[in-house]
Amino acid sequence: MDPAADFKSLQETIQTALIATTRTATSISAGDIPFQRTLDPQLASTLDTQNARLLRLTERLLESVATNSHSTTPKLPDIESIDNNWRDVVDVLDSLLEKADTSLDEFTGAVKRMTPAEEQGAAASKAIVYPKHLPKPQLSFEHVPTNNETGGFKPLLTSKPHAKVPLEEGLKTYIDASGSEQYPHPYQVEIQSYKYPASLYEKTEPIQYLPFESTTATFVDTPEALAAMLAELKTAKEIAIDLEHHDNRSYIGIVSLMQISTRNKDWIIDTLKPWRRRLECLNEVFADPSILKVLHGAYMDIVWLQRDLGLYIVGLFDTFHAARTLGYPGASLAYLLKRFIDFDAQKQYQMADWRIRPLSPELFDYARADTHFLLYVFDNMRNELIDRSTFSNPDEDRIQTVFEKSMETALQRYEHPIYDAKLGLGPVGWYRLLSRTPVTYSPEQFSVFKAVHEWRDKIARLEDESVLFIMPNHAIFTIARTLPEDKTSIFAAIHNVSPIVRMRADELVNVISTAKAAGKDGPQLNDELLKIECIRKAFRRQDAAVITNNNTVSETPVLENIQSNPLTITVETPLLRAKSSQFWGSLLSEDMRQRIKSFTSNISLALPLPPLTAEIFSDATGSTLEDQTPKVEDTPAMQEEALAEEVQDEVFTVKQKGGSRKRTADGVTKEPAHSFSKLNISNSGATEEFNDDQIMLGKDDAPLSKADKNARRKEKKRKAAQETSGEGLNYDDTVEDEAPFDYANAPSVLKAQQPEKGSGRHGKTDRKKKKPQGFNPYAKMADVPKGLARSQRESAGRSKTFTS
Ligand SMILES: O=c1ccn([C@@H]2O[C@H](COP(=O)(O)O)[C@@H](O)[C@H]2O)c(=O)[nH]1
Ligand SMILES: [Mn+2]
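Predicted model only: the values in this text are computed from it and were never measured.

Chemist: How should the overall build of the protein chain be read in this particular structure?
Modeler: Helices and strands together make up the secondary structure of the protein chain, namely 30 helices and 11 strands. Within the structure as shown, the protein chain displays about 33,000 Å² of accessible surface, and the carbon and sulfur contribution to it stands at 54%.

Chemist: Just checking my understanding: could you explain the coordination of the manganese ion (ligand 2) for this structure?
Modeler: The textbook angles at a metal center are 109.5 degrees for a tetrahedron of four donors and 90 or 180 degrees for an octahedron of six. At the metal site, the manganese ion (ligand 2) is ligated by Asp242 (OD), Glu244 (OE) and Asp370 (OD), and these contacts range over 1.9 to 2.0 Å. Each donor residue of the manganese ion (ligand 2) lies on one chain, and together they are spaced D-x1-E-x125-D. Exposure class is identical for Asp242 and Glu244. Each is buried.

Chemist: What is the right way to read helix 14 (residues 361-372) from this model?
Modeler: Over its 12 residues, helix 14 runs 15 Å from end to end, which matches the ideal 16 Å to within 8%, given 1.5 Å per residue. Restricting attention to buried positions, one finds in helix 14 the residues Leu363, Phe364, Asp365, Tyr366, Ala367, Arg368, Ala369, Asp370, Thr371 and His372. On the buried face of helix 14, the contacting elements are strand 3 (217-220), strand 4 (238-246), strand 5 (254-261), strand 6 (266-270), helix 13 (333-341) and helix 15 (374-387).

Chemist: Quick question: what am I supposed to make of the confidence of the model for the protein chain here?
Modeler: Detailed reading of the predicted coordinates is not advisable wherever pLDDT is low. Across the protein chain, the average pLDDT comes to 70, with 60% of residues at or above 70. Counted against residues more than four places away or in other chains, residues 721-730, with its pLDDT under 50, gives 33 contacts. Low pLDDT, under 50, characterises residues 748-804; the stretch is placed with 203 contacts to residues that sit more than four places away or in other chains.

Chemist: Got a minute to help me understand the pairing of strand 5 in this structure?
Modeler: The side chains of a regular strand alternate between the sheet's two faces. Where burial is concerned, most of strand 5 is hidden: 8 out of the 8 residues are buried. In this structure, strand 4 lies alongside strand 5, joined through 7 bridges in antiparallel fashion. By the bridge assignment for strand 5, His246 is matched with Ile254. Inspection of the sheet shows strand 5 paired to strand 6 by 5 bridges, in the antiparallel sense. Along strand 6, the bridge assignment pairs Ser261 with Asp266.

Chemist: Please clarify how the environment of Ala298 should be interpreted in this entry.
Modeler: Along the chain, the position of Ala298 falls in the loop between strand 7 (292-295) and helix 11 (299-309). For the pair formed by Ala298 and Leu316, sequence separation is 18 residues and the distance between their alpha carbons is 8.8 Å. Every residue in contact with Ala298, bar those within four places of it in the chain, is listed here: Leu316, Asp318 and Thr409.

Chemist: Even after reading the chapter, I still don't get unusual backbone geometry, so can you show me in this structure?
Modeler: Residues other than glycine predominantly adopt negative phi, and peptide bonds predominantly adopt the trans conformation. Here the amide bond leading from Arg357 into Pro358 is cis, since omega sits at -10°, within 30 degrees of zero. Tracing the sequence through the fold places Pro358 in the loop between helix 13 and helix 14. Residue Asn147 is not a glycine yet carries a positive backbone phi of 65°. The residue Asn147 is located in the loop between helix 6 (116-126) and helix 7 (167-170) in this model. A positive phi angle is found at Leu483, which is not glycine, with a value near 45°. Judged by its relative accessible area of 16%, Leu483 falls in the buried class.

Chemist: Would you mind showing me how to read the nonpolar core here?
Modeler: Counting residues in each nonpolar core, the largest one holds 124 residues, and the members touching the most others are Met258, Leu282, Phe286 and Met471. Here Phe286 is in contact with Ile239, Ile241, Met258, Ile260, Lys293, Leu305, Leu311, Tyr312, Ile313 and Val314, once residues within four sequence places are set aside. In this structure, Leu257, Tyr349, Leu363 and Ala367 belong to the second largest nonpolar core, which totals 12 residues.

Chemist: It is not clear to me how the sheet that holds strand 6 should be interpreted in this structure. Could you clarify?
Modeler: Within a sheet, neighbouring strands are paired by backbone hydrogen bonds and run either parallel or antiparallel to one another. With mixed pairing, 6 strands are arranged side by side in an open sheet as 3-6-5-4-7-8. In this open sheet, the two edge strands, each paired with only one partner strand, are strand 3 and strand 8 (316-318). Within this sheet the neighbouring strands show an average axis-to-axis angle of 25°, counted without direction. Note: strand 3 against strand 6, 4 bridges, orientation parallel. Among the inter-strand pairings, Thr218 is bridged to a residue of strand 6, identified as Trp267. Relative to strand 6, helix 9 (residues 223-233) is tilted by about 140°, and along the sheet it contacts strand 3, strand 4, strand 5 and strand 6. Its contacts with the sheet put helix 14 on strand 3, strand 4, strand 5 and strand 6, and the angle it makes with strand 5 is roughly 55°.

Chemist: When you look at the packing of aromatic side chains in this model, what are you seeing that I'm missing?
Modeler: The geometry of an aromatic ring pair is captured by two quantities: the separation of the ring centres and the angle between the planes. Tallied over the entire structure, the rule returns 20 aromatic pairs. Look at Tyr194 and Tyr196: their rings are 4.7 Å apart centre to centre, the planes differ by 80°, and that puts the pair in the edge-to-face class. For Tyr194, a relative accessible area of 10% corresponds to the buried category. Looking at Tyr196, the relative accessible area reads 13%, which means it is buried. Pairing Trp430 with Phe446 gives two aromatic rings, centres 5.7 Å apart and planes at 80°, and the pair type is edge-to-face. Separated by 16 residues along the polypeptide, Trp430 in the loop between helix 16 (398-410) and helix 17 (431-435) and Phe446 in helix 18 (residues 443-463) bring together distant segments of the chain. Summarising the burial analysis for this pair, Trp430 and Phe446 share the class buried. In this structure an aromatic cluster arises from ring pairing among Tyr194, Tyr196, Tyr201, Phe317, Phe378, Phe391 and Phe403.

Chemist: Please clarify how the pattern of salt bridges should be interpreted in this entry.
Modeler: The final tally for this structure, using the stated rule, is 26 salt bridges. For Asp387, the salt bridge is made with Lys203, and the minimal N-O distance between the two is 3.0 Å. Residue Asp387 is located in helix 15, and its partner Lys203 is located in the loop between helix 8 (188-193) and strand 3; the two are separated by 184 residues in the primary sequence. Here Lys338 makes a salt bridge to Asp342, at a shortest N to O gap of 2.8 Å. Bridged by salt links that share partners, the residues Glu238, Arg263, Asp379 and Arg382 form one connected network.

Chemist: Sorry, what's going on with a nonpolar patch on the surface here?
Modeler: Taken together, the side chains of Phe7, Leu10, Ile14 and Leu18 define a hydrophobic patch exposed on the protein surface, amounting to about 410 Å² of accessible area. Within the secondary structure, Leu10 is located in helix 1 (residues 3-27). Of the residues examined, Leu10 reaches a relative accessible area of 48% and is grouped as partly exposed.

Chemist: Sorry if this is basic, but what is going on with the pairing of strand 6 here?
Modeler: Counting buried residues in strand 6 gives 5 out of 5 residues, a clear majority hidden from the surface. Residues Asp266, Ile268 and Asp270 point to one face of strand 6 and Trp267 and Ile269 to the other, with burial holding for every one of them. Between strand 5 and the antiparallel strand that follows it, strand 6, lie 4 residues.

What counts and how
Residues numbered from 1 in each chain as written. Chains lettered and ligands numbered in written order. Predicted model: local features only at pLDDT ≥ 70, side-chain atom pairs only at ≥ 80, totals over all residues. Heavy atoms only, no water. Helix = DSSP H or I, 4+ residues; strand = E, 2+ residues; numbered from the N terminus. Areas by Shrake-Rupley, 256 points an atom, 1.4 Å probe, with all protein chains shown as cover. Donors = N, O, S within 2.8 Å, 3.2 Å for Na, K, Ca; no water. Buried < 20%, exposed > 50% of the residue type's maximum accessible area, 1.4 Å probe, protein only. Expected span 1.5 Å × (residues − 1). Contact = heavy atoms within 4.5 Å. pLDDT = per-residue confidence, 0-100. Pairing = 2+ DSSP bridges. Core = buried A, V, L, I, M, F, W, Y, C linked by side-chain atoms within 4.5 Å. Axes fitted to C-alpha atoms, helices over the stretch in contact; angles between N-to-C directions. Phe/Tyr/Trp six-rings, centres within 6.5 Å; stacked < 30°, edge-to-face > 60°. Salt bridge = Lys/Arg side-chain N within 4 Å of Asp/Glu carboxyl O. Patch = residues over 30% accessible without salt bridge, like charges linked within 9 Å, V, L, I, M, F, W, Y side chains within 5 Å.

Structural data, given as structure tokens:
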């Protein structure tokens, strides 16, 4: 008897059965089932029997999983109860996955089982305490966010150190090919003409970092401390930079902390001070071509720096691109710190509420560690890049590749998150959420979904809250499904109601009833989604789209599937114009731009390729389908990049509803209920087979370590709580029960924040004792699937779960 062989054969049997079952289950589109039911009463009753059986089996499975865990066992008497108990289902599955992870670690010897006392101690030392009552720092800013901007984002900078082109030129708007007014990237010329110093092409002995334990960081929270830091930074040859960000109690998000390290000093800068815009003076260093800036996974940092502080980086070296170019099995900062320093980054603090002041020692240490070692990591990676480059062959010139990718990253531009009510596109639109969630809606329900989504966005802007703080995504789905007609039914439908929704409940009732009435003559969900998907694809695949201005559409197989509406999609020209800059402007060919420009009223798109059936994304925390908040990576620039990448090299993962990690076996796809079943064709025209494991990835696309995954799961649960019930949203913190923290006048916390030296709390050796290296089952992967990359990065400006 060979237990390994037995196990493999069992695994294969289960997998084969699952594939067959899933194929069968998806052979009829969910959207067609009600129709089939009406045709055949026998089918209806068989379906009901099978449903009941499946629910019972599921309930029993969940019960047996939950027996030894702390999860509540969800009861599933009917289909509706799945939605209502979804959080509990996810909890049970999560605990199972956690157990599996731990068992694997124990099996491989990567970890030793902890005693219950040790486990308790470890948990207590990691717990982040979220203050209940935290006033909004943005209200004290000299420039309070308004969230209602339209048009191009005007760069904030008031002067332009190290300019090759004067600032005035950079602030001149231009009308792009699609008719939108835009501001250029103010440092575009400087970045594009930047030459990396010759010294970077030469190997040198890595410069040892100073010990983490016996050094600390200088906290910068006064203009004087800022000036002193700036003077020191100007003398450096290279510096490391990182940011921490908050996006739950703010619409666009707030840079909450900046970390900078030189070879011999660390600074942590409080970016929540009212005078934060004075940090613009850092352009004297950040834009100085003679000082190299090393960041890890800088794509969001670049956008955040512009958006909040008017800062730009000339001379960027992004260690994330280096890790990818070198083909490391991981590309997260945590991975690099482990690889080069043997330092265990405490990534469970990544998603902390970074507005907290004073910073706890743990948060202080976390923030400092993100830059403290980075120059040393850079030294090592640069040497390896040189070793593994063939300079005569551009394809093999790895260091050049990293320079080019870093330059592209530095050239990203922030754009205002403009709400597209009609097509729902863009980082804050409804399309993304709806297209990923298998629902069957009547035209009224569809109309209500869109209206409530739009209303939530409007209120979030007004109140300067994240959309999720206003109302979880699940609540929009529930409202659309149940169409509540009064306040009481709304409160009953969405359980934990935010104080803002409670206050504005009458308004919401009106929004729902108006949308319901309007929806009677509105479009069918499936048709509309299909059309929008076609438009996206057409734009993505610009050469494939045929645009006409007479409402004619060329013959395509797609068209058979649109039943209730005419075959053309009509887009008002002004809307398309806005979009063309915001979402796909840079992807349009000149020819396409000219054609768009020539329209005056309607545009019809003929769509030669059908859309993909399965959506095609995932986020790092593995949140549920509905759990997609607009994310950082959803800034327009990221979207464009994502679209561009998809066109070239699409590798899709299919994310099924819920669960923190989905593995899709070959050919097993989840068919959304949008009647796309006949259209399961990839860009290349081939039927897509899904055989990549969907793995949990970090902000920078690297497989996460076990510790990170667990931390993400916890964070995800917290988010799920917000999603489903509003728990953990700190709704109480609107209650004025204690004196608000005075961001404007708070004394420097420089002293308060010095972590105790020699406490062993943040020592590398201590960490090693406490937390052995986690087993990463994906660590042997040659590389992370490429197509996952951008979509993984989504999250926020609205991040939370790095996730388009
Ligand atoms: O999955 C994620 C990871 C990070 N964020 C946000 O990004 C900043 C910076 O991350 P670091 O890795 O610590 O540099 C962090 O403060 C989070 O706000 C995220 O939203 N989702
Ligand atoms: Mn960081």
